[in-house]
Amino acid sequence: MAMAMGFATPIKFKASSIINNIDHYHALDASYVKRAAELSDKSAGFTSPHPNFGCVIATTSNLRNVVGEGYLYAQGTKPAEVQAVEAAGEYCRGATAYVNMEPGDCDGDNTALSAFIQAGITRVVIGIRHPLQHLRGKAIQALRSEGLQVDVLGEDLRSVSMEDALKSCLLVNAPLLYRSASRVPFSVLKYAMTLDGKIAASSGHASWISSKKSRSRVFELRGRSDAVIVGGNTVRKDNPRLTPRHGGGHLPMRIVMSQTLDLPEVANLWDVTEVPTIVVTQRGARRSFQKLLASKGVEVVEFDILNPKDVVDYLYDRGYLSILWECGGTLSASAISSGVIHKVHAFVAPKIIGGRNAPSPVGELGMVEMTQALELIDVSYEQIGADVLISGFLQPIPDLTPVIPSVDETSAIDPSLSPYDSPIMFFYKTWDPYGSFSNFSPHPIRMLDESGDYVTWSSVEHYYQAHKFVGSIDPNARSYIEEIFLAKSPEEAARMGRKMQREHPHMVRADWESVKTDVMYTALKCKFSIYPHLKSMLLSTVGCVLVEASPHDLFWGGGRDGEGLNYLGRLLMKLRSEFVDGDDDDDDDDTHKPPEFSTSCQET
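Owing to the predicted nature of the structure, the values given are computational and were not obtained by experimental measurement. Position numbers for residues count from 1 along each chain, tracking the sequence in the order it is written. With pLDDT at 70 or above as the cut-off, local features in this predicted model cover only qualifying residues; side-chain atom pairs require 80 or more to be listed or tallied, and sums for whole chains, interfaces and linings still use all residues. Side-chain numbers here rest on the full set of heavy atoms in the structure, without hydrogens or water.

(A) Region of the structure containing the nonpolar core. Here, nonpolar core means buried Ala, Val, Leu, Ile, Met, Phe, Trp, Tyr and Cys residues that are tied together by side-chain atoms lying within 4.5 Å of each other. Buried means the residue's accessible area, taken with a 1.4 Å probe over protein chains only, is under 20% of the maximum for its type, while exposed means over 50%, and partly exposed covers the values in between. Membership of the largest hydrophobic core comes to 48 residues, with the highest contact counts inside it found for Ile-57, Phe-116, Ile-121 and Val-124. Ranked by residues supplied to this core, first place goes to helix H1 (residues 15-40) with six residues. The contact definition used throughout considers only heavy atoms, calling two residues in contact when any of these lie within 4.5 Å. Once residues lying within four places of it in the same chain are set aside, the contact partners of Val-124 are Ala-97, Val-99, Phe-116, Leu-143, Leu-148, Gln-149, Val-150 and Asp-151. In this text, helices come from DSSP runs of H or I with a minimum length of four residues, and strands from runs of E with a minimum of two, each type numbered from the N-terminal end.

Here it is, written out as structure tokens:
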């Protein structure tokens, strides 16, 4: 029988099925990021002043089975990423790693990143960027430079499920986010009150308002904090211990605020055999009592004027990350008025005690109309035994978006900038309108080498990366220079230079950190001097602030949210100012040249 020959009917996919498929994978990604956040929370109270880190590794099959997990238990322990890689073993190859926060190696050894790269992880999904400015974006940049796909929630991945996962990541590291943005520790006000808003009877008796289950939750809150603060009145009336009493290993510092030091000579807080205590007071208060406390091992810190803001500033300087306030109404009102309270935990017991003079959890705030009332943000409700825990934020979690660049600062570099109305001009990729400003632009430069011969470098980036190893005392460094010189593209040269620097730091010239901006400036000056159209383009931006808009480079670039230092933009503005002043005609100016090379360049 003859068979009809022809083209097969093409398969048609419905848009809805594609969308559903994307939503499915987004939901999987979101669930694993939330799991990483959940894991990271196990270390709360132990990792301070470092973030809470969790990591989940899943295979890339349709089922995406979890093959490894880990979380950072405490400072100095094995990173979460390394734990997860070790647990996953050979299943890491081609797998996806999920972390609640961008990895950040404060010791600079890139242990977490190396674990991903060496294990063969091909994709990393990150909940939030690192809150600390000197680490923010660096790991993302390093992973991408190694060829890994990096997706950041809210930036590369957007959906309803991603928003929920992102919220989990923000909440689990809220203390670090607040500390980074506000330069004070994250402060939580906790109190228990009756249904009619009383924290004690008119007599002052307060034991017990809340249930045993609620008190256990308070012990947990203490265990997650670096310090617990109470006022003098709490010490006099309640004689608290302020210990977690949960069997865990973390014991927060106990802090007493008292202006007059009208405190009892015998108190549980003066026993510092297990937990230290700090008493903060007004300068000169009861010197004899201060000596008594010192004899018991209690630390006394004096302030010219005792107020919550100065105290939290002091605790910030001591490195504290999270503070729990368990004070009475007078001190809590003062702390709220000072703007240092970020979150509130209110345990409400189903009891009514009444009493005209019975104290309330928050004292006088000076508000006379209900429209002045402070409203909590992101409120949650939880049943704990017979009580209800109401929690919410008084201040939103910071987005850590500082303004970049500072026009006041950059106007000092280039006098043509106005601190009031100077427009900002961004550049990044070579295909951008001003992409030629990039050190990655395909403009060869001819520079004199140490032998006095002209050498043509394929780009400014080639020159910059190679000069990390110029002058190194290690003879093998010369081979690195040659490899970078022969790189087929600026991106390849950058990958080589960064990788060599990371893997063989001893090969890098000893003075690199102090001369790297000079090396970059030398190459930029040559580039804009030998290409007239580039010089004209640079001069056309007079009066504008130049920002290298790399979302990943926090030294040369402005960062995604403006958190970068923008040194490339600064150097270009400085060079532009020199051109305007005619300084570019002085070929003998060696002010910015590195010691081994002349700034002399030759047209290609």
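Further notes follow.
(B) Summary view of the environment of Glu-461. With respect to the helices and strands, the residue Glu-461 is situated in helix H13 (residues 460-466). For Glu-461, a relative accessible area of 2% corresponds to the buried category. Separated by 63 residues in the primary sequence, Glu-461 and Leu-524 have C-alpha atoms spaced 9.8 Å apart. Apart from the residues lying within four places of it in its own chain, the contact partners of Glu-461 are Asn-439, Phe-440, Pro-490, Ala-494 and Arg-498. Distance and chemistry together define a polar contact, namely a pair of N or O atoms within 3.5 Å, with one atom able to donate a hydrogen and the other to accept it when in protein, and with adjacent residues in sequence counting only for side-chain atoms on both sides. Within the structure, Glu-461 has its side chain in polar contact with the side chain of Asn-439 (distance 2.4 Å).

(C) Seen up close, the packing of aromatic side chains. Working definition: a ring pair exists when centres of Phe, Tyr or Trp rings (six-membered ring for Trp) sit within 6.5 Å. Plane angles under 30 degrees give stacked, over 60 give edge-to-face, the rest tilted. Counting across every chain of the model gives 15 aromatic pairs. Aromatic side chains Trp-457 and Phe-485 sit 5.1 Å apart centroid to centroid with 85° between the ring planes, which places their arrangement in the edge-to-face category. Highlighted residues: Trp-457 in strand S17 (residues 454-457) and Phe-485 in helix H14 (residues 477-485), separated in sequence by 28 residues. Residue classification places Trp-457 among the buried positions, given a relative accessible area of 6%. A residue is classified by how much of its surface remains accessible, and Phe-485, at 30% relative accessible area, is partly exposed.

(D) Inspection of a nonpolar patch on the surface at higher detail. Put simply, a patch holds well-exposed residues, over 30% relative accessible area, that have no salt bridge, with like charges counted together within 9 Å and Val, Leu, Ile, Met, Phe, Trp or Tyr side chains within 5 Å. In this description, accessible areas are obtained by the Shrake-Rupley approach with a 1.4 Å probe, and a residue is regarded as covered only by the protein chains that are shown. A pair is scored as a salt bridge if a Lys or Arg side-chain nitrogen falls within 4 Å of a carboxyl oxygen belonging to Asp or Glu. Together, Leu-376, Val-379 and Tyr-381 make up an exposed nonpolar region whose accessible area comes to about 280 Å². For Val-379, a relative accessible area of 34% corresponds to the partly exposed category.

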